[in-house]
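Residue-level listing of the chains:
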Amino acid sequence: LYHITATGKSKSHLFPGGEIQLVKQWKLCYGYHATELDRGGITMRKSFRQEDLKMLACMTMLIDHIGTVFFPDLVILRIIGRLAFPLYGFLLVQGVRYSADKLHYGIRLGLALLIAEIPFDFVFYGGPTWGHQSVMVTLFLGYLMVLWMRHSNPVLPLVVCFVLAELAKCDYGGLGIAMIWMLGV
């Protein structure tokens, strides 16, 4: 990937006030980009990518779960863990918005819900229960809401999914749905 930039003090007619400088950029692993100027210097810069957000969300969720299960008196672990849901909500909206195959995106999310719900019930309630649902239910309802919002007035999907989240007694409930809605409007 090559970019042409204008710098320096030459009297170029193409770039008034600057000389033409060839800049080569390479995308490297882990979000680093290398830039080489035609004069030989190389600089590195870090860009924040979707994968970085996923990793941050996973780490904050893990901290939250460790705090919930092993250190319930350490409130700071729960506070750090509260960052996970807005990150997952943002990633969900972006995933629905930019996915080439929205149906398969929803199927994968639904499978993750099915896989996660039973262990969630056993860890937190000692067995399967309809009394409380995991955050995966909230995210799946958010997925359905974002899809629906693309084809109708965005208020109706919000109201319906808000009520469903409250009736299902899922983590974050209707407020979680409202947060996803705000990210998706």
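This text gives an overview of the structure that appears in the document. (Residues numbered from 1 in each chain as written. Predicted model: local features only at pLDDT ≥ 70, side-chain atom pairs only at ≥ 80, totals over all residues. Heavy atoms only, no water.)

## Some points on the layout of surface pockets
1) Next: Estimates place the volume of the largest pocket at around 1,000 Å³.
2) Next: In terms of lining, the largest pocket is formed by 34 residues, of which the most central are Met61, Tyr88, Val135, Met136 and Leu139.
3) Next: For the lining of the largest pocket, the elements supplying multiple residues, two or more each, are helix H1 (50-69), helix H2 (75-81), helix H3 (84-98), helix H4 (102-125) and helix H5 (135-149).
4) Next: Residue classes in the lining of the largest pocket are distributed as 20 nonpolar, 8 polar and 6 charged. (1 Å grid on protein atoms, 1.4 Å probe; cavity = no way out; pocket = protein on both sides within 12 Å on 5 of 7 lines; lining within 4 Å. Points joined across faces, edges and corners; volume = space filled by probe spheres on them. Helix = DSSP H or I, 4+ residues; strand = E, 2+ residues; numbered from the N terminus. Nonpolar A, V, L, I, M, F, W, Y, C, P; charged D, E, K, R; others polar.)

## Considering the pattern of salt bridges
Think of it this way: side chains of opposite charge can pair up when their charged atoms draw near.
1) Next: Taken as a whole, this structure holds 4 salt bridges when the rule is applied.
2) Next: Across the pair Asp64 and Arg78 runs a salt bridge, and its minimum N-O distance is 2.8 Å. Taken as a pair, Asp64 in helix H1 and Arg78 in helix H2 lie far apart in primary sequence, 14 residues in all.
3) Next: On the basis of relative accessibility, which here comes to 31%, the residue Arg78 falls in the partly exposed class.
4) Next: Arg82 serves as the salt-bridge partner of Asp64, at 2.8 Å between the closest nitrogen and oxygen. Of this pair, Asp64 sits in helix H1 while Arg82 is found in the loop between H2 and H3, placing the two residues 18 residues apart along the sequence.
5) Next: For Asp64, a relative accessible area of 7% translates into the label buried.
6) Next: Residue class for Arg82 comes out partly exposed when judged on its relative accessible area of 35%. (Salt bridge = Lys/Arg side-chain N within 4 Å of Asp/Glu carboxyl O. Buried < 20%, exposed > 50% of the residue type's maximum accessible area, 1.4 Å probe, protein only.)

## Some points on the packing of aromatic side chains
1) Next: Enumeration according to the criterion identifies 5 aromatic pairs in this entry.
2) Next: A centroid spacing of 5.1 Å and a plane angle of 50° characterise the contact between Phe120 and Phe124, whose relative ring orientation is tilted. Here the residue Phe120 and the residue Phe124 both occupy positions in helix H4, the gap between them amounting to 4 residues, near one helical turn.
3) Next: Given the relative accessible area of 13%, Phe120 is considered buried. (Phe/Tyr/Trp six-rings, centres within 6.5 Å; stacked < 30°, edge-to-face > 60°.)

## Concerning H1
1) Next: Look at H1: 28 Å from first C-alpha to last across 20 residues, which is about the 28 Å you get at 1.5 Å a residue.
2) Next: Listing the buried residues of H1 in full gives Asp52, Leu53, Ala57, Thr60, Asp64 and Gly67. For H1, the angular spread of buried residues about the axis comes to 135°, placing them on one side. (Expected span 1.5 Å × (residues − 1). Arc of directions from axis to C-beta.)

## Here's the deal with the packing of H3 against H4
1) Next: It is at 8 Å that the axes of H3 and H4 come closest, and there the two elements cross at 145°. As H3 runs across H4, the sense of the crossing is right-handed. Along its contact with H3, which presents Leu91, Leu92, Gly95, Val96 and Arg97, the element H4 presents Lys102, Tyr105 and Leu109.
2) Next: Among the residues forming the contact of H3 with H4, the class breakdown is 5 nonpolar, 1 polar and 2 charged. (Axes fitted to C-alpha atoms, helices over the stretch in contact; angles between N-to-C directions. Left-handed = near helix turned anticlockwise from the far one by under 90°. Contact = heavy atoms within 4.5 Å.)

## Description of the nonpolar core
1) Next: Counting 22 residues, the largest nonpolar core has Leu92, Val96, Tyr143, Met145, Ile177 and Ile180 as the members making the most contacts within it.
2) Next: When contributions to this core are tallied by element, the ones reaching two or more residues are H3, H4, H5, helix H6 (155-168) and helix H7 (173-184).
3) Next: The greatest single-element share of this core, amounting to 9 residues, is contributed by H5.
4) Next: Discounting residues that sit within four places of it in the chain, Leu92 has contacts with Tyr105, Leu109, Leu139, Gly142, Tyr143 and Ile180. (Core = buried A, V, L, I, M, F, W, Y, C linked by side-chain atoms within 4.5 Å.)

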